[in-house]
Structure formats: structure tokens, C-alpha cells
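Chain residues, written in single-letter form:
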Amino acid sequence: MSRRWLIVIIVLGLSGCSDDAATPERPDVIHLRAWAHAGQAAERRVIQAQVARFNERTPDVDIKLTLIPERSYNAQVQAAAIAGDLPELLELDGPYLYNYAWQGHLQPLDGLLPGDLSNDLLPSIIAQGRYRGRIYGVGVFDSGLGLYASRRALSRAGARIPGGPADAWTAQEFTALLQALAAHDADGAVLDLKLNYPGEWFTYAFSPILQSAGADLIDRNGYQSADGVLNAPAAVKAMTTLQAWLRGGFVDANVDDGAFVTGRVALSWAGHWEYARYAGALGDDLLLLPLPDFGHGTRTGQGSWVWGMTATGKRAEAAARFLRFLLEPGEVLAMADANGAVPARQAAIANSERYGDGGPLRLFVEQLTEGYAVPRPQTPAYPVITAAFQQAFFDIRDGAEVRAALDRAVAAIDQDIADNKGYR
Amino acid sequence: MTRAAWLFAAPALLGLLLFVALPFVLAFVLAFTNLRLGSPLPLEFVGLEQFHRIFSDPAFLRALLNNAVFALVVVPVQTLLALGLALLLNRRLKGLALFRTLFFMPVVFPLSLVSVVWILIFAPGANGMMNAFLETVTLGAWQPRDFLHDPVLALPAIMLTSVWQGVGFQMVIILAGLQAIPGGLYEAAAIDGASRWRRFWHVTLPQLRNTLIFVVLVTTILAFRLFDQVQIMTQGGPRNATTTAMYEAVQAAFARQQVAKGAAITVVLFLIVLLVTVLQRRLVRQEREIA
């Protein structure tokens, strides 16, 4: 608490001082600052190399990259935003984009990305970047969410293996499968839901259950209320099913993050980032399947880090050149290879071993391109929506009455929207 | 005070003003507004609305209760344990430095690290270390529990972690207090024929009085600031069983960007800690006058 307060106060206090006195300006060179999150080592190396390549290739634009630790990224960006000291280019965690756009810090990218580039991007990338009809952010990669499974364990339990997202297990089928698997399991826990992960995971991974049941986190028509949507009978029913899995002892607590790789469980509800580790542990036994269908077809999560910009005028054009550079198929592939995520462009996907035709993670591309992936609500209220849903998830996990837990989340969300005069 | 005295005190006073007084005044003012982090909407004064909201929020009321229970249990337990450890380590033992280091070590570890280690210790299922230990000592009568998700056991689990982590600090302070007691007092008592127990009761304890008052005060304040373990081990759950005022404040201000609500919670927390501290000092002082 006190440290973050300090940052805010220091930034408020020092916002009068500025640090752009250092470099001698050549009039024809445009200097831009770029902030990115410091991801895994491989990711960091790629973005640093990309900036160096761009500066080399584009002598009249000079980009200075600053990497900021992922954990405190949003707090630091928010502090800089309050101080009016945001860089021209910055990476944002996808669902926070709308809040920054609403705060008026971001410039729309419409018209700065050529049509053939926009048409080649995954539809999920466009969907995530859009706020009030304009594009404010563009991702170089997207994420994939599904069920990893052990083929042998499934065949022992006599399970049907779904062939694709249209063929996903129904929720009833999945519950029966859990019971069948548990019958042959030492401790009865056969499913890993990554309960060891921190906050945002729960919204990312389990709001698709609501959408698959025909409910949602909020009424997306105007984003004015969650009432009757997040606490709709369909939502209560879906979350009750999830609660039954959790309370029925089918879910491993996964405190060591090793439930799936050590063979304690046969199923793991996880993202693209686990593929390398899981494939290493299970080899040919590893299967990737869509999440269960709660009635309206399987739904899955999407979204990851996106680039946005605050620059205007001539500097906007220079910043857009950098974004276009990052979105060249070769650069997209370089980044996706480094972090294992889904490349944002079809042209890059075609050349990807994992995501190309017949690749082991092709399912993630199908989910993102064929309408199974749902972006998190594109509203500035998202930070509150996700906090409320996470609280509801924890309460439901701990045995709270589902309807009451969802009602509380609805009240918190609707109160926030009212406090902000509808985020209009 | 002379000018020189002011000059010498200036760095510390400036620090206090800048990092304690100013943030508190800011928090106090913000608590009466509707400030949200980064909101483009105009700042409005909403009077007591934020206070009205937090006091009608069951999570916040539960947080205050949890803080109180935590303090009521941890302060006496941790102080007594620290006293015991200090007495044990205040004698001539082989490898004394090693023991002192071992008991002090958890204090040096970051709380976040300690919390992660204790999550592993409290792992559910029969293979969890704590479950396995309890099963062994109860000769198999213990049924494995998921400590951190058990409405009854979650807060005690956090208390245990906190005591384990914090007791070394109090131990060192009490140890210093013990070593400041003049040896002559014990000699005189021994000559008077006082037993070990009476020497402890009539020499050690009265001599440690100021040290113990300090330790109890600091532990109480730390108990009300409980946050790290909750954030990492339980996120306030299960169903608010371990939430604390500080956790609620951070959740409001930084997860939901409701800075004004967070500020209101910290103001209430500050007043409670102030009240408890003043009360404690009152009680202790009165005793001293009687004695």
C-alpha cells in the first residue's frame, strides 16, 4: 500500500520536472519513447532486438525502449498517466485498454494501419483493440485457452475425444467424465483449474463458462448494467456446475503447479503458455481439446498484451511506422516463437510450426478465427468487473450460495458504473 | 529548542512530514471525495458517502473483526513465545550464535517468500506437510483439511505463519532487554534465598517492563497492518474469513481504482490503531503510577 502511494505522490510532486533535456536534437530525427512489459527473458531479447533493428532501418525515427516489470506495470503506467508523462508508444494489458482510452490518453489507430494489414490480423486482435467503434490497440500475438488432456487416461475412462470446437464435450458429459476418471484415481482429484494462479486468470479462464451458457459478465449492449446477465439463471446454473466440480473433490489445488506434469490429474484447464512444458512431460500422450460446452457452444478466452500510442500529428505517423514494423509477419513470428503465443497475423500463422495447418496448437487458431473466443468486456469498467467476478469465483469455490455471490458482484459492478455516470 | 536542535532534527522531521503527515492529510481529504484513479470525470466532494459505504459493506466489517481477533490472539501468543525464546537463548549454550541466528532468520526473509513457503506447508490433501504432521502426531486421527480454504482454520493458519515470521524480531528486542538487567540484582536475590521462579517474577519481569510494553505496542500495530500474508495466501477468503482492513483498502484503491474508498478505509484504520495505542499507553501508565 504505502509503496504505491509513494509512487503516486512522488510522481505528483515531480511531474513539473521533465527529463528530455539530455539528447542533442537533430531536427530531422523524431525521438519516441516506448514502454513494454518485461516478460520472459526470450521475450525481452526479441523486443530489444526489434527496437534495434527498427532504429537501424529507419534513420529518421529513434525509439528508446524501457522495460517495466510485469507485476507493477499497470500501477506505473497509471501513475505516469496521472502525471501526464506517458510515452508515445506503450504496451497495455488488453482489457485495461478501454480504461486508458476512456481516460483520454490513447490515440485511435484507425487509418494508420493499411487495409491489407488489418485484414490479415486475427479477428480477435481487432475485437480486443476496439473501443466505441475505433481501434485503440493492436496486439502482436493473442492467447489460447483450452483443456490439455492425457490421451491414455481418457481412453481408460472410455471418453469420447472431441474432434474440434464444434464437437466439444457438453458440461454433463464433462461431469460424467470427471466421475469416471475419479473412480480410477488415488485422491479423486482429476482436473487442474490452475487454482494457484493470481487474480486475472479466473476472469480470463472462467467467464467463457458464462458465455457458453448464454450469460455474460455484463450486458454488452451499452455496458450499463450486469443485472440479469451475470446473475441470470443460466449463469447461476453454469457456476453451480463449476462449484460442484470444485466442492466434489475433482479439482486438484495445484499448489506446486505440477498437477498435470506429474500425472496427478488427467485434465488441465490452461493456456498456450503451458504447451511446451506439457508436451515435454507427456509427449505423444498430450491432447489439446476445447473447453466444455454449457449449452450455447464452447466459448474460450482471448486477448493479451497490446500496443497503443499517445502520439499525435507527425509523431503519430512515426509511432505507427514502428507498429507496422512490429506487425510484419517475420517480426510477429519472432515474438510468437519467443513466448509461445498465437501470432496475430494469418501470414505469420501459416509459417508457424505450432499454429500452422496440422500444428499441435491449431485448435487455438480455430477458436480465435471461428467465433469461439470472446473478448473481455470492452468497457472502462473492466477493472471493477474483473475484481467483482474474481471475488464471486472465490466465494463460490468456498461454498457460497451461487446466486447470492453473483448478486453481490452485480451490485458492485452496477454501483461503479453509476458512480462513473455510465462511463459515457 | 535551539536552532541547532531544529537543524539536527530537520531531516527526520522533513521525512515524517513528507512521508507520514502529508499522505495522511491527503488520505483524509480524499476520503470525502469520489476520486477514482485516473478518472477524467471532475472530482466531487461527496461528504460522508464513502464512510457510509464502507460501514455498510459486510466485507469491511468482517475485516475489522478479523483484525481484532488476529490482534487478540497474536499479540499475547507472540509476546509470550518471544519471551520464552529470549530466556532460553540468554544462557550459556554451545552454538548459541547459531540458535539465535536460526530463530531470527524468518524475520530477514521477505514476507512474500514466507507466505509462499507456508502455502506449500498448508497444502491440502494427505501429502501436505501440515496435514501429514498432524496425522502423525494424532496417530492417524487427523483428517486432511484444506487449511487456507477452511472457514475455521484459514485465519489461524495465517496467525501461525505470522507468529513464526515475526517472533524472532520480538525475541531479539527482549533479549537486549534481558542483557541490560544488572547481574547484581540476581545475585542479591539469590543471597536472599529467592528461588528461580521468584527471581523471574520479581527481578526479570519488572526489569523487562519497558521492553515488553514496547513489544506489545509494536506487535499490536503490526497486527492491524496485516496484509502480505492475506494477499498471497488467501486473498481474503474463504468468504472474507481472512480479509483485513488493509487488504480491503488495497483492493478498493488498486484493484477497483476506487482511491477515495481506499482512503476512507485507511482513515478508519488509522483512527482505530491510534485509539488502541492510546488506550494501551493509558492502562500501562496507570499501572505504573500504582506501582
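Remember, it's a predicted structure, so these values are computed and weren't measured experimentally.

Draft legend 1. Highlighting the overall build of chain A. The secondary structure content of chain A amounts to 17 helices and 13 strands. In summary, chain A has a C-alpha radius of gyration of 22 Å against a globular reference of 22 Å for 424 residues, a match within 12%. Dimensions of chain A, computed from the C-alpha atoms along their principal axes, are close to 75 × 50 × 40 Å. For chain A, buried positions account for 49% of its 424 residues.

Draft legend 2. Here's a closer look at the interface of chain A and chain B. The partner chain B presents 27 residues to the 24 residues of chain A that form the contact. Looking at the side of chain A that touches chain B, the elements with two or more residues in it are helix H1 (2-14), helix H3 (73-82) and helix H16 (382-397) of chain A. Top element by residues in the side of chain A that touches chain B is H16 of chain A. It accounts for 5 residues. Class assignment of the residues belonging to the side of chain A that touches chain B gives a composition of 14 nonpolar, 4 polar and 6 charged.

Draft legend 3. Region of the structure containing the packing of helix H3 (residues 58-88) of chain B against helix H11 (residues 245-255) of chain B. All names here are of chain B. One way to put it is that H3 packs onto H11 with a least axis distance of 8 Å and a crossing angle of 145°. Packed against H3, whose contacting residues are Ala-59, Phe-60, Ala-63, Leu-64 and Asn-67, the element H11 presents Ala-245, Tyr-247 and Glu-248 at the interface. By residue class, the composition of the contact of H3 with H11 is 6 nonpolar, 1 polar and 1 charged.

Draft legend 4. Structural detail: the nonpolar core. Membership of the largest hydrophobic core comes to 134 residues, with the highest contact counts inside it found for Leu-230, Ala-235, Leu-406, Ala-409 and Ile-413 of chain A. With 10 residues, H16 of chain A is the single largest residue contributor to this core. Split by domain, the residues of this core number at least three in each of domain 1 (31-143 + 303-369) and domain 2 (145-301 + 381-423) of chain A. When neighbours within four sequence positions are excluded, Leu-406 of chain A is seen to be in contact with Leu-230, Asn-231, Ala-235, Val-236, Met-239 and Ala-392 of chain A. Counting residues in each nonpolar core, the second largest holds 46 residues, with Ala-27, Ile-158, Ala-223 and Ala-263 of chain B among its members.

Draft legend 5. Structural context of H3 of chain A. Residues Tyr-73, Asn-74, Val-77, Gln-78, Ala-79 and Ala-81 of chain A constitute the buried set of H3 of chain A. At the C-terminal side of H3 of chain A, Gly-84 of chain A shows a positive phi close to 65°.

Draft legend 6. Expanded view of the pairing of strand E12 (residues 305-309) of chain A. Residue and element names in this part refer to chain A. Burial analysis of E12 places 5 of its 5 residues in the buried class, which makes it a mostly covered element. For strand E3 (residues 89-93) and E12, the ladder comprises 5 bridges, and the chain directions are antiparallel. Residue pairing for E12: Asp-93 is matched across the bridge by Trp-305.

Draft legend 7. Quick peek at the domain arrangement of chain A. Residue and element names in this part refer to chain A. For chain A, the assigned domains read domain 1 (31-143 + 303-369) and domain 2 (145-301 + 381-423). Opposite the 16 residues of domain 1 that make contact, domain 2 presents 16 residues. Contributions of two or more residues to the side of domain 1 that touches domain 2 are made by helix H4 (97-102) and helix H15 (362-369). The element contributing the most residues to the side of domain 1 that touches domain 2 is H15, with 4 residues. For the side of domain 1 that touches domain 2, the residue count by class is 10 nonpolar, 5 polar and 1 charged.

Draft legend 8. Fine view of unusual backbone geometry. A positive phi angle is found at Asn-254 of chain A, which is not glycine, with a value near 55°. With respect to the element layout, Asn-254 of chain A can be found in the loop between strand E9 (251-252) and strand E10 (267-271). Notably, Gln-257 of chain B is not glycine yet its phi reads approximately 60°, a positive angle. Here Gln-257 of chain B lies in the loop between H11 and helix H12 (259-290). With 24 C-beta atoms packed within 10 Å, Gln-257 of chain B lands in the buried category.

Draft legend 9. Representation of the sheet that holds strand E7 (residues 145-150) of chain A in the model. Residues and elements named next belong to chain A. One open sheet holds the 5 strands; their spatial order is E9-E8-E10-E7-E11, and the pairing between them is mixed. Sheet topology places E9 and strand E11 (286-289) at the edges, where each strand pairs with a single neighbour. Bridging between strand E8 (residues 191-192) and E10 involves 2 bridges; their strand directions are parallel. Of the residues in E10, the one forming a bridge with Asp-192 is Ser-268.

Draft legend 10. Local environment of the sheet that holds E3 of chain A. Residue and element names in this part refer to chain A. Spatial ordering of the open sheet is given by E2-E1-E3-E12, a layout of 4 strands whose pairing is mixed. Each having just a single partner strand, strand E2 (61-69) and E12 make up the two edges of the open sheet. Direction aside, the axes of adjacent strands within the sheet are offset by 25° on average. By the bridge criterion, 2 bridges tie strand E1 (residues 30-38) to E3 in an arrangement that is parallel. Paired with Ala-34 across the strands is Leu-89, a residue of E3. Along the sheet, helix H2 (residues 41-57) makes contact with E1 and E2, crossing E2 at roughly 165°. With respect to the sheet, H3 is in contact with E1, E2 and E3, its orientation differing from that of E2 by roughly 125°.

Draft legend 11. Region of interest: the environment of Ala-9 of chain B. Its place among the elements puts Ala-9 of chain B in helix H1 (residues 3-30). Sequence separation between Ala-9 of chain B and Arg-282 of chain B is 273 residues; the distance between their C-alpha atoms is 28 Å.

Calculation notes
Residues numbered from 1 in each chain as written. Chains lettered and ligands numbered in written order. Predicted model: local features only at pLDDT ≥ 70, side-chain atom pairs only at ≥ 80, totals over all residues. Helix = DSSP H or I, 4+ residues; strand = E, 2+ residues; numbered from the N terminus. Rg over C-alpha atoms; globule rule 2.2 N^0.38 Å. Buried ≥ 20, exposed ≤ 12 C-beta atoms within 10 Å, placed from the backbone. Contact = placed C-beta atoms within 7 Å. Nonpolar A, V, L, I, M, F, W, Y, C, P; charged D, E, K, R; others polar. Axes fitted to C-alpha atoms, helices over the stretch in contact; angles between N-to-C directions. Core = buried A, V, L, I, M, F, W, Y, C linked by C-beta atoms within 7 Å. Domains from an automatic or database assignment. Pairing = 2+ DSSP bridges.

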